[in-house]
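As a plain string of letters, each chain reads:
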Amino acid sequence: MDKDLDIQIEEALKAYLASGVEEQVNYQRFYLYSIVTHSTAIEGSSVTEIENQLLFDEGIAAKGRSLSEQMMNVDLKDAYLYAIQMAGEEDKGGQEFVCIKVG
């Protein structure tokens, strides 16, 4: 790889980290919302990421969407959060517990 490009990438990364953007945006939350939205879309849900964000963060249900469709999204979000929590708890089996229960 070109050394000048390596230096430019390193400088850009340093500038990005110094900007503090990562501390202002909760990327994990947005990843979760994206995973939930796309996973439920496979099952036929037409709820969008923006609608899920409003539902999850503000408790505002999307107009024109069925209750069962919205609850499918809420249930999947809760299931993901539970699995993430269980994966981090060593005294309850941690990742092994999640793999057995989910897999």
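Placed above this text is the structure.
Along each chain, numbering runs from 1 in the same order as the chain's sequence is written. Thresholds applied to this predicted model are a pLDDT of at least 70 for local features of residues and 80 or more for the giving and counting of side-chain atom pairs; totals over whole chains, interfaces and linings are not thresholded and use all residues. Only heavy atoms go into the side-chain values, all of them from the structure, while hydrogens and water stay out.

A.B. asks: Please give an account of the pattern of salt bridges that cites residues and values.
C.D. replies: One speaks of a salt bridge when a side-chain nitrogen belonging to Lys or Arg is within 4 Å of a carboxyl oxygen belonging to Asp or Glu. Enumeration according to the criterion identifies three salt bridges in this entry. A salt bridge links E51 to R65; the nearest nitrogen and oxygen atoms lie 2.9 Å apart. With E51 in helix α4 (residues 49-58) and R65 in the loop between α4 and α5 (67-87), this residue pair connects regions lying 14 residues apart in the sequence. Only protein chains enter the accessibility calculation, which uses a 1.4 Å probe; a residue whose area is less than 20% of its type maximum is buried, one above 50% is exposed, and one in between is partly exposed. Take R65: its relative accessible area is 26%, and that puts it in the partly exposed class. Here a strand is any run of E in DSSP of at least two residues, a helix any run of H or I of at least four, and the numbering for each starts at the N terminus.

A.B. asks: Let's hear about helix α3 (residues 27-42): which residues, and what values?
C.D. replies: Given a helix with a known number of residues, its expected span is that number minus one, times 1.5 Å. Taking 1.5 Å per residue as the helical rise, α3 with its 16 residues ought to reach 22 Å, and the 23 Å between its terminal C-alpha atoms agrees with that figure. Looking only at α3, the buried set comprises L32, Y33, V36, T37 and T40. Angularly, the buried residues of α3 cover 125 degrees about the axis, an arc narrow enough to put them on a single face. In α3, the exposed positions angled more than 90 degrees off the buried face are occupied by Q28 and I42. Contact criterion: two residues are considered in contact whenever any of their non-hydrogen atoms come within 4.5 Å of each other. Close packing links the buried residues of α3 with α4 and α5. Near the N-terminus of α3, the side chain that reaches the backbone nitrogen of Q28, with its oxygen 3.3 Å away, is that of N26. The positive-phi residue at the C-terminal boundary of α3 is G44, with phi of around 110 degrees. The reported arc concerns the directions from the helix axis to the C-beta atoms and nothing else. Pairs of N or O atoms are called polar contacts if they sit within 3.5 Å, as long as, within protein, a hydrogen donor faces a hydrogen acceptor (for residues adjacent in sequence, only side-chain-to-side-chain pairs).

A.B. asks: Give a detailed account of the nonpolar core, specifying residues and quantitative values.
C.D. replies: By nonpolar core is meant a set of buried Ala, Val, Leu, Ile, Met, Phe, Trp, Tyr and Cys residues that side-chain atoms within 4.5 Å join together. Listed in full, the six residues of the largest apolar core are L32, Y33, V36, L55, F56 and V74. Taken together, the elements giving at least two residues each to this core come down to α3 and α4. When residues of this core are assigned to their parent elements, the largest contribution, three residues, is made by α3. With sequence-adjacent residues up to four places away left out, Y33 is seen in contact with E49, Q53, F56, D57 and K77.

A.B. asks: Now, about the side chain of K77: what can you tell me, with residues and values included?
C.D. replies: Residue placement: K77 occurs in helix α5. Given a relative accessible area of 15%, K77 falls into the buried group. Once you skip the residues sitting within four places of it in the chain, K77 turns out to touch L32, Y33, V36 and F56.

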